[in-house]
Amino acid sequence: MVSLWENWRGGMRRGPRFDTVGGSSTYATELTRRHPTVSLTRQGADSGHLQINLSWRARTSDLNGRPRRGRLPRNPLELFKPVPVQGHTQGVVTVDLDLACLYELTDGSKGVVQPLGGLLGEINAPPYVKLSGDDRFGGTSGETIYVNLDHKDKIKRLLVFVYIYDGTPAFDRTQAVVTLIPSSGPRIEVGLDEREPDARSCAVVLIERDGKGQLVVRREVRYVYGFQSELDRLYGWGLQWGRGFKKSGRS
């Protein structure tokens, strides 16, 4: 008789190269620590418009006892245990996540596309990166950045990041997911659910060419306790930063 543990181990060995989510109509590749990169060139998705979406919603910490996404419990039987009911005194976190992108073009120009300061970018002119909307309350639609990969030869590198503009610094309690939707092939998902107390920003993915000339998406998920200037320092962008504010109302 084959044990449950052996079935578990066998299923893991036969798994795909990447963690996948959804059925055939919603097929997605999840970038993880074990498999952090995917080539857009290899799947014929390095042209057209690349959509980068941030979706999130604030929640209580009542799921903190569950295994985190992409991590399996040491004992597979733990999956069948009911989740303890938490007390009703836990409040919903108040948080405003923003999606942004640092860009560097091949002509040496650099900058940022972000809600702060109304730096929304351009899609058919430099930097070929455009931010659409600013969701201050979270939801399934979220915020979206569009990248015009028909001009990929003019783009040197893009760093997609998320920061907490206002509210509680609690990435692990917002169920945030950044999804890249290329012109062809599966969606690419990166979850931001790691417990990093007091982190205000997170570098999510870096898009650039590898040594073979392929356009590659690489998972970063590097949390920092500052904002754009600290990410700039980590990745050597060399921009000058000042204090910024959002416009009143929802764009």
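Just above sits the structure.
Residues numbered from 1 in each chain as written. Predicted model: local features only at pLDDT ≥ 70, side-chain atom pairs only at ≥ 80, totals over all residues. Heavy atoms only, no water.

Undergrad: Can you tell me about the overall build of the protein, naming the residues and giving the values?
TA: The helix and strand tally for the protein stands at two helices and 14 strands. The 251 residues of the protein split such that 43% are buried. Sequence-distant contacts in the protein: of pairs separated by 6 or more residues, those separated by 24 or more amount to 70%. Roughly 13600 Å² of accessible area belongs to the protein as shown, and the carbon and sulfur atoms make up 50% of that amount. (Helix = DSSP H or I, 4+ residues; strand = E, 2+ residues; numbered from the N terminus. Buried < 20%, exposed > 50% of the residue type's maximum accessible area, 1.4 Å probe, protein only. Contact = heavy atoms within 4.5 Å. Areas by Shrake-Rupley, 256 points an atom, 1.4 Å probe, with all protein chains shown as cover.)

Undergrad: Any details on the pairing of strand β13 (residues 201-209)? Residues and values, ideally.
TA: Most of β13 sits inside the fold, with seven of its nine residues counted as buried. As paired strands, β13 and strand β14 (residues 215-224) are joined by eight bridges and run antiparallel to one another. The residue of β14 that forms the bridge with Ile-207 is Val-217. The turn linking β13 back onto β14 is made up of five residues, and Gly-213 within it adopts a positive phi angle of 85 degrees. (Pairing = 2+ DSSP bridges.)

Undergrad: Residues and numbers for the side chain of Asp-232, please.
TA: Within the fold, Asp-232 resides in helix α2 (residues 228-235). Of the side chains with opposite charge, Arg-157 comes closest to the buried, unpaired Asp-232, at an N-O distance of 7.5 Å. In this structure Asp-232 touches Trp-237, Gly-238, Leu-239 and Trp-241, once residues within four positions along its chain are discounted. (Lys, Arg positive; Asp, Glu negative; His and termini not counted. Salt bridge = Lys/Arg side-chain N within 4 Å of Asp/Glu carboxyl O.)

Undergrad: Outline the environment of Ala-203, supporting the account with residue identities and numerical values.
TA: Within the secondary structure layout, Ala-203 lies in strand β13. When the C-alpha positions of Ala-203 and Leu-159 are compared, they lie 7.0 Å apart, and in sequence the two are 44 residues distant. Leaving out residues up to four positions away in the same chain, Ala-203 has contacts with Leu-159, Val-160, Phe-161, Glu-220, Val-221, Arg-222, Leu-231 and Tyr-235.

Undergrad: For α2, give the residues involved together with the corresponding values.
TA: Within the span of α2, buried status applies to Gln-228, Leu-231, Asp-232 and Tyr-235. All buried residues of α2 project into a common sector of 105 degrees when viewed along the axis, lining one side. Of the residues trailing α2, Gly-236 is marked for its positive phi of about 65 degrees. (Arc of directions from axis to C-beta.)

Undergrad: Before we move on, can you summarise unusual backbone geometry with the specific residues and values?
TA: Note: most residues except glycine have negative phi, and most peptide bonds are trans. Residues Pro-126 and Pro-127 are joined by a peptide bond in cis, for which omega reads 15 degrees. As for its placement among the helices and strands, Pro-127 is situated in the loop between β7 (121-122) and β8 (129-132). Unlike most non-glycine residues, Tyr-128 shows phi in positive territory, near 65 degrees. Considering the arrangement of structural elements, one finds Tyr-128 in the loop between β7 and β8. The phi dihedral of Val-221 falls on the positive side, at around 45 degrees, and the residue is not glycine. With respect to the helices, strands and loops of the structure, Val-221 is situated in strand β14.

Undergrad: Account for the packing of aromatic side chains, naming residues and giving values.
TA: The tally for this structure, following the rule as stated, stands at two aromatic pairs. Summarising the aromatic geometry, the rings of Phe-171 and Tyr-223 are spaced 5.3 Å apart at their centres and angled 65 degrees between planes, so their arrangement reads as edge-to-face. With Phe-171 in the loop between β10 (155-167) and β11 (176-181) and Tyr-223 in strand β14, this residue pair connects regions lying 52 residues apart in the sequence. In terms of burial, Phe-171 and Tyr-223 fall into one category: buried. The aromatic ring of Trp-237 is capped on one face by Arg-157, whose charged end is 3.7 Å from the ring centroid. (Phe/Tyr/Trp six-rings, centres within 6.5 Å; stacked < 30°, edge-to-face > 60°. Lys NZ or Arg CZ within 6 Å of the ring centre and 35° of its normal.)

Undergrad: Outline the pattern of salt bridges, listing residues and values.
TA: Taken as a whole, this structure holds nine salt bridges when the rule is applied. Here Arg-218 makes a salt bridge to Glu-208, at a shortest N to O gap of 3.5 Å. You can see Arg-218 sitting in strand β14 and its partner Glu-208 sitting in strand β13, a full 10 residues away along the chain. The partly exposed category is assigned to Arg-218, whose relative accessible area is 33%. Here Glu-208 falls in the partly exposed class, since its relative accessible area comes to 24%. Measuring nitrogen to oxygen at the nearest pair gives 3.9 Å for the salt bridge that ties Glu-230 to Arg-233. Of this pair, Glu-230 and Arg-233 both sit in helix α2, three residues apart, which is roughly one turn of the helix. Judged by its relative accessible area of 23%, Glu-230 falls in the partly exposed class.

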